[in-house]
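# Overview (structure and organization)
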Amino acid sequence: MEQEKVEQVPRTDEALNPPSQRVVLLRRIAGPLLSVGMLVLALWALHLLARHVTYHEIREYVASVSRERLLLAIVLTTLGFGVMSLYDRFGLQAIGRKLPWRRVTLISFISYAFSNAVGMSFLVSGSIRYRFYLQNGLSTAEIAKLVLYCTLSFWLGLLALTGVTLLIVPLPAGLPLSDWRITVAIALTAVPLAWVLGGFIRKPLKLWRWRVLLPRPLSALRQVLVGALDWWLAAAVMYVLMPDSLHAGFGHFLAIFVIAQIVGLVSHVPGGLGVFETVMLAGFHATDDKHLAAPILGALAMFRIVYYLMPLCTATMLVLQREARGLRQKSLWSPWFNSLLPSFFAGLTLVSGAVLLFSGATRALPDRMAILRDVLPLSVLEVSHLLASVIGMLLLILARGLQRRLDAAYWLTLVLLVAGAVLSLLKGIDYEEASLLALLALALAPAHRLFYRRASLFSTNFSVGWIVAIVAVFGCATWLVMFSYKHVEYSSSLWWEFSFHQGGAPRALRALVGAAAAGLLFALAALIKPQRLRRVPPSEAELQRALPLIRHFHSAQAHLALMGDKHLLFDEQGKAFLMYDTEGRSWVTMGDPVGADEDARRELVWSFMEQCERAGGWPVFYQVCPGDLDMYLEVGMNLLKIGEEARVRLADFNLDGKTKKTLRGTINRLGRDGLRLEIVPADAVAPLLPRLKEISDAWLADKHAREKRFSLGAFDPRYLVRTPMALVWQGERIVAFANLFLTETKEEASLDLMRFAPEGPSGIMDFLFVELMQWAKQQEYRWFNLGMAPLAGLTSRRQAPLWNRFGALVFGRGERFYNFQGLQRYKDKFDPEWEPRYMAVPGGIALPMILANVASLISGGLTGVVRR
């Protein structure tokens with residue numbers, strides 16, 4: 001049997017060189033910064049266009065909207081989301097899958113409620129659909145096809161409705177598109193028309209590397225019509241909320257609405273915030289007419305509440321209810337529920353922080369302030385207003401801690417939510433936001449077990465996107481202050497004015513500065529705290545520190561840390577560690593975290609993830625056990641089965657029976673030839689190394705092989721003297737050897753580096769395995785680990801995931817590169833119990849590069865991947 005091992009290869013920090021780090025950083029920040037830039041430009045343009053409008057006038061229009069109009073808008077919104085569910089229903093039909101319509105409607109509603117509000121519909125709705133449809137038995141490839149179908153329907157409907165509307169309805173003079181209306185309309189209409197007519201061509205179209213078979217004309221037409229109806233209903237919601245003074249028919253309004261939506265979607269600003277409003281004001285020439293601009297802005301605010309905020313809140317409650325029920329039932333999918341709930345709590349906390357900041361930036365209602373004047377001292381009002389905004393900023397920061405499952409973030413958030421609810425009542429009887437904060441606190445209170453990490457909040461890594469989100473919320477709050485109090489002339493004395501009725505602007509300014517100070521102090525404290533980012537080979541002292549954890553761990557494979565070719569990452573108390581190495585942008589751990597303390601092992605997974613994020617790397621957990629999969633699901637990793645590990649239950653191991661006849665004959669023959677096994681303790685291995693080196697070199701030359709590494713050991717004297725050695729003697733000559741992995745708990749025994757003399761007797765590896773298992777059985781070990789058979793157990797059924805089918809194909813036809821089937825057959829003759837092994841990887845399109853990096857890491861370079 002061929003066993004290829006690895007030799008220690010020096011590793012340096014040049015794996016991630018500075019130029020590539022800069023490129024990675026630019027890629028990470030380009031998208032978020034572009035969205036923020038578009039948001040700033042949109043708010044600036046909106047500020048110029050609405051310069052004659054006051055906050056009071058907008059609030060007056062919102063209050064004047066009749067209940068009948070509001071109810072009709074809610075009904076139309078409900079119909080719109082019902083039409084959106086047709087995207088998923090027809091998409092499932094297109095890929096040949098069928099699910100209960102109620103379940104499909106629920107998944108569609110949740111995904112669109114979030115994607116409409118957050119923006120980036122392809123990514124947001126796609127990730128939500130992936131999580132829910134995966135639970136319903138769809139493969140990754142099928143989910144990708146479904147998401148693509150829904151996205152195409154979404155855009156084809158929008159383009160068709162926009163093009164047809166522009167063909168029929170003339171735009172007002174003075175708009176940039178007025179002179180090009182017909183040209184733009186024909187161009188937009190041509191896309192869905194080509195999609196429908198292309199269905200008559202039944203041959204696949206070649207687009208770069210892909211071959212695309214367009215749907216049949218009726219199916220394509222259905223896609224376009226559903227998308228157009230969806231957008232028509234969205235426009236109808238907005239239209240019923242518009243003022244009567246608009247003096248524009250629905251066709252004219254529809255043309256401006258769809259153009260504004262396209263611009264908002266292209267901007268990638270969440271929900272098209274600011275961009276959509278700016279185009280709507282410009283489209284109706286309301287910039288110089290304050291009597292029209294204020295009602296339009298009020299209608300836009302009502303539209304966002306009805307069409308975006310209300311579905312978002314409803315979807316959030318549905319998700320929380322669903323996930324809480326899944327947690328109570330301890331279902332098969334509870335790891336996915338565990339990973340989802342903290343993110344939803346984080347999102348709600350972010351929204352709550354934004355609500356407090358926006359509330360502090362706007363004027364309180366006069367009637368409520370009159371009540372407070374009679375019952376509350378002015379000093380209490382002023383302090384409450386300031387602290388509410390500070391708490392709003394802190395909630396934005398703590399939301400990241402909740403996403404990272406920090407125990408400290410949980411308790412601080414709970415306290416600040418209650419405090420924020422009280423302060424909201426004290427600063428302006430804002431019972432609406434107080435109710436929101438109190439409900440979130442009640443929902444968060446019983447979920448403490450989800451937030452188990454004891455790490456410091458200051459050591460939490462804030463991604464570029466998260467920082468941009470906090471800055472964007474604060475920027476919007478700043479804009480609200482400027483917009484709400486634009487009629488107030490600024491002076492330095494404004495900061496020191498305190499009054500119930502005339503102190504709105506000073507209070508808003510002080511609150512804004514207080515929130516900014518809280519954010520800056522946190523950022524400064526996080527920058528001052530040193531960050532540990534170690535990527536150096538372990539020292540002898542660290543290996544000795546890891547040795548007790550290795551010997552008491554349930555898996556003998558933890559001894560691979562003693563090879564010294566992998567970096568070691570310990571938790572703060574030294575109760576657990578994980579071993580990892582890097583290849584390209586992939587940071588790959590070998591196995592699960594090692595240690596008996598479960599909390600320490602979980603914390604290591606989070607720490608490793610954060611370390612990878614700071615370095616711009618991809619975290620990968622290689623060859624992990626089924627019992628620990630929840631640790632990786634909780635941090636949002638995806639799982640790929642990479643093979644099965646063979647373990648022999650020693651209490652049942654023997655050579656009796658017909659199936660063991662050949663093996664029994666080989667052992668008896670070699671015993672008669674004088675072969676015997678000797679177990680040498682670790683402290684007696686060093687004198688034997690010269691003789692073992694000769695055997696190892698001869699074995700490598702005979703096999704035309706070279707040392708592997710990472711997941712296997714290599715002939716390194718520093719490594720071999722740390723473990724016991726099994727020797728096979730023939731007379732006075734050593735003919736084979738293997739170093740042993742032995743746990744002090746007697747849970748498992750295993751071996752790593754196995755070499756034999758090419759001129760030795762045949763069957764020598766069988767002799768070594770059998771004798772070792774019989775010796776381990778006498779020493780009262782429970783299991784003997786034969787190692788993993790790569791790609792074993794992967795199925796190629798049609799409904800299996802794409803990775804499983806690809807792995808099964810390689811397992812069946814990849815003998816040229818590796819003896820996959822032969823290795824499994826060899827181990828199978830010892831009657832082992834097969835247990836699956838997985839690789840936890842991040843989602844996205846980086847998977848092919850990650851797989852190449854892992855293969856290169858194990859094989860000692862890319863050339864080793866295709867060599868035996």
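Our subject is the structure that appears above.
First things first, this report covers the structure right here in the doc. (Residues numbered from 1 in each chain as written. Predicted model: local features only at pLDDT ≥ 70, side-chain atom pairs only at ≥ 80, totals over all residues. Heavy atoms only, no water.)

The subject of this paragraph is the pattern of salt bridges. According to the stated counting rule, one finds 31 salt bridges in the structure shown. Close ionic contact of R453 with E603 constitutes a salt bridge, the shortest N to O distance being 2.8 Å. Of this pair, R453 sits in the loop between α16 (431-444) and α17 (464-484) while E603 sits in helix α20 (residues 598-615), and the two are 150 residues apart along the sequence. Under the relative-accessibility criterion, R453 is labelled buried at 1%. Between E744 and R551 there is a salt bridge, and its shortest N-O distance comes to 3.9 Å. One end of the pair, E744, is in the loop between β11 (733-742) and β12 (748-756); the other, R551, is in helix α19 (residues 540-551), with 193 residues separating them in the sequence. Its relative accessible area of 48% is what places E744 among the partly exposed residues. Residue classification places R551 among the partly exposed residues on the basis of a relative accessible area of 31%. Overlapping salt bridges, with partners in common, bring together R368, K427, D430, E432 and E433 in one network. (Salt bridge = Lys/Arg side-chain N within 4 Å of Asp/Glu carboxyl O. Helix = DSSP H or I, 4+ residues; strand = E, 2+ residues; numbered from the N terminus. Buried < 20%, exposed > 50% of the residue type's maximum accessible area, 1.4 Å probe, protein only.)

For an α-helix, 3.6 residues make a turn, and residues three or four places apart therefore share a direction. Helix length check: helix α14 (residues 378-403) (26 residues) gives 38 Å between terminal C-alpha atoms against 38 Å at 1.5 Å per residue, within 8%. The largest bend along α14 measures about 25° and falls at I397. After α14 finishes, the residue R405 shows a positive phi value of roughly 65°. (Expected span 1.5 Å × (residues − 1). Bend = angle between axes of the 7 residues up to and from the residue.)

This paragraph deals with empty space enclosed by the protein. Using the criterion set out here, one finds three cavities of 30 Å³ or more in the structure. Looking at the largest cavity, its volume works out to about 150 Å³. Surrounding the largest cavity, 16 residues form its lining, S555, Q557, G591, D592 and Q623 being those nearest its centre. Here the residues of the lining of the largest cavity are counted per class, giving seven nonpolar, five polar and four charged. (1 Å grid on protein atoms, 1.4 Å probe; cavity = no way out; pocket = protein on both sides within 12 Å on 5 of 7 lines; lining within 4 Å. Points joined across faces, edges and corners; volume = space filled by probe spheres on them. Nonpolar A, V, L, I, M, F, W, Y, C, P; charged D, E, K, R; others polar.)

A few words now on the packing of aromatic side chains. Under the defined criterion, the tally for this structure stands at 30 aromatic pairs. Geometrically, the ring pair formed by F250 and F253 is tilted, given 6.4 Å between the ring centres and 35° between the ring planes. Of the two residues, F250 and F253 both sit in helix α9 (residues 250-267), three residues apart, roughly one turn of that helix. Between the aromatic rings of Y410 and W411, the centroid separation amounts to 5.0 Å while the plane-to-plane angle is 75°, which identifies the pairing as edge-to-face. Y410 gets classed as buried once you look at its relative accessible area, which sits at 2%. Pairwise contacts between aromatic rings join F81, F109, W232, Y239, F250, F253, F257, F276, F303, Y307 and Y308 into one cluster. The residue whose ring lies beneath R222 is F90, and the NZ or CZ to ring-centre distance is 4.0 Å. For the cation-ring pair, R545 lies above F570, with the distance from its terminal atom to the ring centre recorded as 4.1 Å. (Phe/Tyr/Trp six-rings, centres within 6.5 Å; stacked < 30°, edge-to-face > 60°. Lys NZ or Arg CZ within 6 Å of the ring centre and 35° of its normal.)

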